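# Secondary and tertiary structure notes
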Amino acid sequence: MSSFDIKEELKKVPQTPGVYLMKNSHADVIYVGKAINLKRRVSSYFRAGARHSQKIASMVSNVDAFEYIITDSELEALILECNLIKEYRPKYNTMLMDDKTYPYIQVTLGEDFPKIRLSRKMKKDKNKYYGPFTSGLAVRDTIELLQKMYKIRNCNKSLEADAEGLAKPNGRPCLYYHIGQCDGACQGMISKDDYKKHVEDAMSFLDGKFTEVRDELEEKMMEASNNQDFEAAKEYRDLIASINHVAGNQKIVTHKFEDRDIIAYDSLEGETVVVVFFVRNGKLIGRENFYMKTEENDGKEILTNFIKQYYIGTPFIPHQILTQEEVDEPELISEMLSRNLNYTVQIANPKKGQKEKLVELAQKNAANLLKQNKERYRREEKRTVGAVKEIEKLIGISDVVRIESYDISNTSGYESVGSMVVYENGKPKRNHYRKFKIKTVQGPDDYASMHEVLLRRFTHGLESKDDMDSFAKFPDLLLMDGGKGQVNIALEVLKEVGLDIPVCGMVKDDNHNTRGLYFNNEEIDIDKRSEAFKLITRIQDETHRFAIEYHRRLRGKKEIKSILDDIEGVGPSRRKALMKAFKDIDKIRSASVEELTKADGITENVAKNIYEYFHK
């Protein structure tokens, strides 16, 4: 029975701006909200006779306790609300399901000889960024085109210009130098100033000045053709075709060269698709769609929640956001989005003209996508969240969001390792996967190894002060790769550290296939056609894969070290040079003395030692 007295606690809530967190009987955060007056807002949920929407009524019925965080202003409360929703992903908040990053083209102007490359983040540094773009493939094609056209280097060598503006020769020139697609900055073949002109031309292209570049290439193509240099003419022709492809994919929607996002949605039976059109420098460069779970079809709530979740932490925010319907508190959200920018982000709901037509187009796209993908979304939910619900029903528990699964891998006790795989809402959360190298156990003792892994995992979690630490978040269900023995080990560890978490064993048959679950000293059969069985099998396979990959990598490194380090004259630096040049031991074993000397730092005497070691 909870000792939290809601009526008494409501009397203590201050009349200040802040954020409130509603919790269920398991102390899980199920709803996060902000208020300009905490007392009035939180009290409204529990007022007798209050008329709530179905979603809010369901949430209130599950509230066992609440807490709040006081802020100095409503803006601070809004920012904190967004961050807490991202962290806790509460059940009753309207949630953005996708978590995507968008590629940028980065020009590394902080270097003497800049590179052009793809980046998933835009940072505040000396570099120049273009984007974001919606297609990583298109970005790579554009970068490849620019490197070819302007002979921009694509190596990762660190090059610094000397007093004459040339880089000190660094290693051997690469293939691109030999085929004429790089001017050899790493060999001191081009000055810093001349190279800079190439980079400026490439940046001019990225700024959208395609016509000048295309005209110049057409002129060169005609000149090469007149001189009967047909190979060069063909190369210019291919470059022109690439430019036409890049330029043709950028539809002009305005000649005022604005950056703006157009956001619209469509909903049906609690499923919503939000579409965002990206306009950069006056050109429509792409579209993205996002799936949201919504209890109600309230457009204002959908768009407001989407904007707050989507743009928090996004490196690029356009000057203007156009929406299908008006959003709640547009001035406050605008202030939040603009706080670290040197311009104001405008949020508008256009009623006429070209802007309204763009919003209508986005809405039509959303309706079409929802119609096309409704069954796919339902199938995806069935195989993820639906499968978790089936597992809950099988073992008689509820509110399972996070599942952790563990496995041990070794070869006769050699290089024993443990793996921790995490699933949330039936989907793998790969950035929370963790690997453990067994430290205290000698020999093939899987039970002792599992005890060490679990003890380290939960001790770390209990001691962690960092909310972003993956160990700080505990699972709602533990899945052990094995039956009664592994389950008992897990229960023993949980008792040691004072945690109460349900533990299931994934029981296998004689063919090493999953046949059921072991829970509360009882084996539970699972219908092999059920989504629960399929999810458990996926988790089990993923846990095996992750453990085995780590074990193989450690074993491989150990083997490489033990073989090469036994050779006279080969230390860590030469071992690294050999592996870089030959990639694996077999190629080193079959190499001649002359071939071995081509690796950096390998003298003729050392090469002879290596050759004799493998051929004596």
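Residues numbered from 1 in each chain as written. Predicted model: local features only at pLDDT ≥ 70, side-chain atom pairs only at ≥ 80, totals over all residues. Heavy atoms only, no water.

### Things to note about the sheet that holds strand E5 (residues 104-107)
The strand order across the open sheet built from three strands is E6-E5-E7, with neighbouring strands paired in antiparallel fashion. Every interior strand has two partners, whereas the edge strands, strand E6 (116-119) and strand E7 (128-130), have only one. Direction aside, neighbouring strands of the sheet carry axes that sit 30 degrees apart on average. Both E5 and E7 contribute to a ladder of three bridges, which runs antiparallel. Looking at E7, one finds that isoleucine 105 is bridged to tyrosine 130. Contacts from helix H7 (residues 192-206) reach E5, E6 and E7 within the one sheet, and its direction differs from that of E5 by about 155 degrees. (Pairing = 2+ DSSP bridges. Helix = DSSP H or I, 4+ residues; strand = E, 2+ residues; numbered from the N terminus. Axes fitted to C-alpha atoms, helices over the stretch in contact; angles between N-to-C directions. Contact = heavy atoms within 4.5 Å.)

### Focus: the pairing of E5
Every second residue of E5 is oriented toward a common face, with Tyr104 and Gln106 on one face and Ile105 and Val107 on the other, all of them buried. Bridge count for E5 against E6 is four bridges, and the pairing is antiparallel. Considered in E6, the bridge of tyrosine 104 is made with serine 119. (Buried < 20%, exposed > 50% of the residue type's maximum accessible area, 1.4 Å probe, protein only.)

### Observations regarding a negative patch on the surface
A surface patch of negative charge is lined by Glu212, Asp215, Glu218, Glu219 and Glu223. Position of glutamate 218 among the secondary structure elements: in helix H8 (residues 210-226). Glutamate 218 sits in the partly exposed class, given a relative accessible area of 34%. (Patch = residues over 30% accessible without salt bridge, like charges linked within 9 Å, V, L, I, M, F, W, Y side chains within 5 Å. Areas by Shrake-Rupley, 256 points an atom, 1.4 Å probe, with all protein chains shown as cover. Salt bridge = Lys/Arg side-chain N within 4 Å of Asp/Glu carboxyl O. Lys, Arg positive; Asp, Glu negative; His and termini not counted. Charge placed at Lys NZ, Arg CZ, Asp CG, Glu CD.)

### Focus on the packing of aromatic side chains
All chains considered together, the criterion is met by 13 aromatic pairs. Taking 5.1 Å as the distance between ring centres and 70 degrees as the angle between the ring planes, the aromatic pair formed by tyrosine 433 and phenylalanine 546 counts as edge-to-face. One end of the pair, tyrosine 433, is in the loop between strand E16 (427-428) and strand E17 (434-437); the other, phenylalanine 546, is in helix H16 (residues 531-564), and 113 residues separate them in sequence. Owing to a relative accessible area of 13%, phenylalanine 546 belongs among the buried residues under this scheme. Taken together, the ring pairs in this structure connect Phe290, Phe306, Tyr310 and Tyr311 into an aromatic cluster. (Phe/Tyr/Trp six-rings, centres within 6.5 Å; stacked < 30°, edge-to-face > 60°.)

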